[in-house]
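Next come the chains, spelled out residue by residue.
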Amino acid sequence: MTASATPPAERRLPRKGRSRQRDRAPIEDMTAPIITRRLSKRYGDLVAVEALDLEVHAGEIFGLLGQNGAGKTTTILMLLGLTEPTSGGARVVGLDPRRYPLEVKRHVGYLPDNVGFYDGMTGRENLRYTARLNGLYGREADTKIGEVLDQVGMTDRADTRVDTYSRGMLQRLGIADALVKGPSVLILDEPTTAIDPIGVVEILDMLRGLVREHGLAVLLSSHLLVQVQSVCDRVGIFAAGRLIGVGTVPELAERFGDGAATIEVGFEGLDRAGLATTAAALESVKGVIEVHAPAKAHDPFVVLAKPANEATAVREAILALASSKGLRLSSIREAQASLDEIYRQAVSTRLQTGVESAA
Ligand SMILES: Nc1ncnc2c1ncn2[C@@H]1O[C@H](COP(=O)(O)OP(=O)(O)O)[C@@H](O)[C@H]1O
Ligand SMILES: [Mg+2]
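Residues numbered from 1 in each chain as written. Chains lettered and ligands numbered in written order. Predicted model: local features only at pLDDT ≥ 70, side-chain atom pairs only at ≥ 80, totals over all residues.

**A word on unusual backbone geometry**
The phi angle of most residues is negative, glycine excepted, and most peptide bonds adopt the trans form.
So, point 1. Along the chain, Lys306 connects to Pro307 via a cis peptide bond; the corresponding omega equals -5°.
So, point 2. Summarising the element assignment, Pro307 is placed in the loop between strand E12 (301-305) and helix H10 (311-325).
So, point 3. Within the chain, Arg38 stands out as a residue other than glycine whose phi angle is a positive 50°.
So, point 4. Within the secondary structure, Arg38 is located in strand E1 (residues 34-43).
So, point 5. Residue Arg38 is classed as buried on the basis of its 21 C-beta neighbours within 10 Å.
So, point 6. Positive phi is not limited to glycine here, since Ala240 has a value of about 50°.
So, point 7. You can see Ala240 is positioned in the loop between strand E8 (234-239) and strand E9 (242-247).
So, point 8. Ala240 sits in the partly exposed class, given 18 other C-beta atoms within 10 Å. (Helix = DSSP H or I, 4+ residues; strand = E, 2+ residues; numbered from the N terminus. Buried ≥ 20, exposed ≤ 12 C-beta atoms within 10 Å, placed from the backbone.)

What follows is the structure, encoded as structure tokens:
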């Protein structure tokens, strides 16, 4: 960050929302590259974003997760100074994007949800164009472009025309485009939508590497919760313009999950009668609250254990049970709660307690 060349960091922001006092240990880091306080946007009667309190730190990937229409893009546009908040405010690299949109854009790489390039030009030529817009020319630009193409794994295809690129390659080029100016913050709107699963994994791995090597702060939005849960250090669950939970995936699972752990247990050589007696035996294990026998003999049983932090003890008890009953265990593993499940829980919890939480 080039603090000396930029206007002085502004410190005064609206006070953090009172509703956030319900959240566990809210972070109060005024140096975070992205901060919002009570950030709100209305379109007429429609509340697109309501009283958003958020912090994204250097060196972390923060996932803003929510269904279509949740307010993700609106939030991002306010962070970039591309749309005005109705109330509340934001600081991006210490600056109010409403007052210093150009300064903010200088430090923030942005991949829009519908990234567009000049079709008739190659990837490298497109990046040269972006470099020029950012005041980079000649050898300096070429060096930087070579570097970012390498970072996103597009060196081999850099000199072919963009209209021959796959969707995944376009997204990579989009990220390269956002990186050309050497930003300290990266904002990616739905970076993995419409990409095949392998492409998604590659792009997310690449992002992880970028954060590890360069300590960027990354905010990414997605409505595909499962896709990004592995890459985000923290996620914010966004529904109807409101942030209803922030934390790591395990934290959110604990908070919004139903407090049960899911253990999958596979056995070999069970016939129909064997499935029934095994189910009964599993039910007798201390801490097990539910047992779902598989429809097909080779599929695992699904065992719910409560409380979740006793899951290890339950697994050990199942191992002991298998050996005492002569059952041939083929697999045992604890299934991680997926963000999709957490999201559904969080939204329904929120609906049930909405009035109270909004107070
Ligand atoms: N320019 C606009 N005028 C009116 N309504 C808008 C405008 N932009 C977005 N909205 C509405 O605001 C809500 C949030 O939209 P958006 O931020 O695009 O959500 P997301 O990116 O999470 O899908 C939606 O209901 C959308 O229809
Ligand atoms: Mg959007």
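**So, the sheet that holds strand E10 (residues 261-268)**
So, point 1. Strand order in this open sheet of four strands is E11-E12-E10-E13, and the pairing throughout is antiparallel. Looking at which strands have only one partner, the edges of the open sheet turn out to be strand E11 (288-292) and strand E13 (328-335). Averaged over all adjacent pairs, the angle separating strand axes in this sheet is 20°, with direction ignored.
So, point 2. Direction of pairing for E11 relative to E12: antiparallel, over a ladder of four bridges. Paired with Val291 across the strands is Val303, a residue of E12.
So, point 3. Where helix H9 (residues 272-283) meets the sheet, its contacts fall on E10, E11 and E12, and the angle it forms with E11 comes to roughly 165°. (Pairing = 2+ DSSP bridges. Axes fitted to C-alpha atoms, helices over the stretch in contact; angles between N-to-C directions. Contact = placed C-beta atoms within 7 Å.)

**Focus: helix H4 (residues 138-151)**
So, point 1. The end-to-end C-alpha distance of H4 is 20 Å, a good match for the 20 Å that 14 residues give at a rise of 1.5 Å each.
So, point 2. Of all the residues in H4, the buried ones are Ile145, Val148 and Leu149. Seen from one end, H4 has its buried residues packed into an arc of 100°, which puts them on one side. In H4, the exposed positions that point more than 90 degrees away from the buried face belong to Arg139, Glu140, Thr143 and Asp150.
So, point 3. For H4, the secondary structure elements touched by its buried residues are helix H3 (123-133) and helix H5 (167-179). (Expected span 1.5 Å × (residues − 1). Arc of directions from axis to C-beta.)

**Considering the nonpolar core**
So, point 1. Counting 73 residues, the largest nonpolar core has Ile34, Val92, Ala176, Val185, Ile187 and Val218 as the members making the most contacts within it.
So, point 2. With six residues, strand E2 (residues 46-56) is the largest single contributor of residues to this core.
So, point 3. Contact partners of Ile187, with chain neighbours within four places excluded, come to Ile76, Leu79, Leu80, Val108, Tyr110 and Leu219.
So, point 4. In terms of nonpolar packing, the next biggest core, distinct from the first, is built from ten residues, Ala261, Val303, Ala308 and Ile318 among them. (Core = buried A, V, L, I, M, F, W, Y, C linked by C-beta atoms within 7 Å.)

Read these as geometric descriptors, not functional statements.
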